Amino acid sequence: MEIYEGVVAFPGIAIGQIRYYVSTKESGYPHAISDVKQELDRYHRAKEKTLEQLKELYSQAVPETKEADTLRRQIQILEGTGFSRAITSMIASEKVNVSHAVVTTRDEMASVFGSLKDEAALNRVQDIREISNWMTYILDGLPKEEEILHEPVIIAAEHISPEEVMKLDKNKILGFLTQEGSPVSHASILVKTMDVPALVHVPADAGWDGRFAIVDGYAGKIYIDPSDGVLQEYKKRRKLEREEKEYLLSLKDEEDVTADGHRVHLYANIGNLEDMSQALDNGARGIGLLRSEFQYLGRESYPGELELFQAYRQAALTMGEGLVIIRTLDIGADKKAEYMGLSDERNPAMGNRGIRVCLQKKEVFKEQLRAIFRASAYGNLAIMYPMVTYVEEIREIQRLVEEVKASLHEKEIPYKDIQQGIVVETPAAAIMAGELARELDFLSIGTNDLTQYTLAMDRQNPQLKERYREQHPSIMKMIEMVVREGHKEGCWVGICGELAANTALTSRFLRMGVDMLSVVPACILPVRRSIRETKIKS
């Protein structure tokens, strides 16, 4: 039996087989080669195997369908000369490994064709990416996602991006173990919606693949090839954990009212529409944060207004009278979409992200605003803007909102005048809470970014994990200040960051006057229990 330790990102117990996940992004790291001919032979073998598999899929596809057209284009690219010549030329002239040559050629061609913006060019970009990813899987022996997840497994990885988390089948995940990351990284936040144990800073490697393990998401330990005694002990603990969850489910239909009668709004944070059912299953009364990035990540071009509208309409209809707060596109930092053409930055967490991107790409922003306002006719929607730091930004947003509403009115498209708010996630926004609140209906405190910007500590930096304190006194004072100043201006104030799920702080937040707590679905019932046990008036 081997025992390892990590940092807890989400609690729980998992027992099962490990699958080591390798991103195709990791497979393209360059290294020098000494035998060019051998590397070229590797490329040609991988190319032929890729062609063989594509042709097999094409023979099974229904003729004249989108799938058949895509496969035919991809076969033509591989059988043509341009793509192959670029790769073999790079291997021969620069004496680099074939995986690096494939990935570099993929990125260069995607950049060239992606700038053309027409449908044929965008199709070519997507085809090149899929071919290249397929080939790197073959070259490096990497398992495809769909092959990894035939049965429930514990995912181990060096690192995993928010985009990759969103692609995984959450019904086949028992737990997560990563070398890198932090408990409050965007990837970890998305993992928490799966309600499985997750540890970061774990010494996982490819040698763990296929081994049997126990993940203790309470103590931060991993037992690989556990002894019978340890296995039996954890089976008992898992049984108790499930009994606790069954008890909490008895609170699903209970009201969010303190022991002395004070009503609180308890909502769910979700990353996509699939999480809606989990939120409802856990008794969420609304959605306090719908991360709209799920419609922009993992694709080759911007979603259209109709696609956006249909998703927001579905969210509104699903929640009925329950409030659904849609956060507008919060791209940047570790959430990137290559087709947006955002430049690389030395310090992306402090750079061009959130509302800053949206106000640069006004037409993209207005398209999302139109979709949200159109969908507002079908339910109870609200809108929330990320990374706002200036009153002038809110006023610029409002000018765009008025343009959108005027356009809808002119076309006789129904919409509602919905609530608008911001995420308070910088010290600037917290200090200016009163002035900002005068322009808004609500403030929602994003404690994850607020903490890293206040402490001047990168929340994903493993060197700072002992010093990074989410409950630093300055954060508590800022929350109290935002609530006070927001209420003065007639705004309701909520918390949508990870601290909202900390049941040790529930009574403190309620005594501060926090009106709403929004947490991942798995944390709703524990927080409901804390609310119902709290007495605000001592």
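Above this note sits the structure.
A quick note: this is a predicted structure, and the numbers were derived from the prediction, not measured.

Caption draft 1: Molecular detail of the side chain of Ser 376. If you trace the backbone, Ser 376 turns up in the loop between α13 (362–375) and β12 (381–385). Given a relative accessible area of 0%, Ser 376 falls into the buried group. From its side chain, Ser 376 meets the backbone nitrogen of Lys 416 in a polar contact 2.9 Å long.

Caption draft 2: Looking closely at the pairing of strand β3 (residues 13–21). Across the nine residues that make up β3, a large majority, seven, are buried. Direction of pairing for β3 relative to strand β7 (residues 212–216): antiparallel, over a ladder of five bridges. Bridging from a neighbouring strand, Ile 13 pairs with Asp 216 of β7.

Caption draft 3: Structural view of the side chain of Arg 327. Along the chain, the position of Arg 327 falls in strand β11 (residues 324–327). Within the structure, the side chain of Arg 327 is placed 2.8 Å from the side chain of Glu 293, a separation counted as a polar contact.

Caption draft 4: Representation of the packing of α13 against helix α14 (residues 391–410) in the model. Between α13 and α14, the shortest axis-to-axis distance is 10 Å and the interhelical angle comes to 55 degrees. The angle between α13 and α14 places the two elements in the oblique class. Viewed along their axes, α13 and α14 form a crossing whose handedness is right-handed. For the pair formed by α13 and α14, the contact residues are Lys 362, Phe 365, Lys 366, Leu 369, Arg 370, Phe 373 and Arg 374 on the first element and Glu 396, Ile 397, Leu 400, Val 401, Glu 403, Val 404, Lys 405 and Leu 408 on the second. A class-by-class count of the residues in the contact of α13 with α14 yields eight nonpolar, no polar and seven charged.

Caption draft 5: How the structure looks around the packing of helix α1 (residues 36–60) against helix α3 (residues 82–94). Close contact between α1 and α3 brings their axes to 9 Å; oriented N to C, the two are set at 160 degrees. Taken together, the axis directions place α1 and α3 in an arrangement best described as roughly antiparallel. As for the relative orientation of α1 and α3, their crossing is right-handed in sense. Of α3, the residues touching α1 (which contributes Val 36, Glu 39, Leu 40, Tyr 43, His 44 and Lys 47) are Ser 84, Ile 87, Thr 88, Ile 91 and Ala 92.

What counts, and where the lines are drawn
Residues numbered from 1 in each chain as written. Predicted model: local features only at pLDDT ≥ 70, side-chain atom pairs only at ≥ 80, totals over all residues. Heavy atoms only, no water. Helix = DSSP H or I, 4+ residues; strand = E, 2+ residues; numbered from the N terminus. Buried < 20%, exposed > 50% of the residue type's maximum accessible area, 1.4 Å probe, protein only. Polar contact = N/O pair within 3.5 Å; in protein donor to acceptor, adjacent residues only side chain to side chain. Pairing = 2+ DSSP bridges. Axes fitted to C-alpha atoms, helices over the stretch in contact; angles between N-to-C directions. Parallel < 35°, antiparallel > 145°, perpendicular 65-115°, else oblique. Left-handed = near helix turned anticlockwise from the far one by under 90°. Contact = heavy atoms within 4.5 Å. Nonpolar A, V, L, I, M, F, W, Y, C, P; charged D, E, K, R; others polar.

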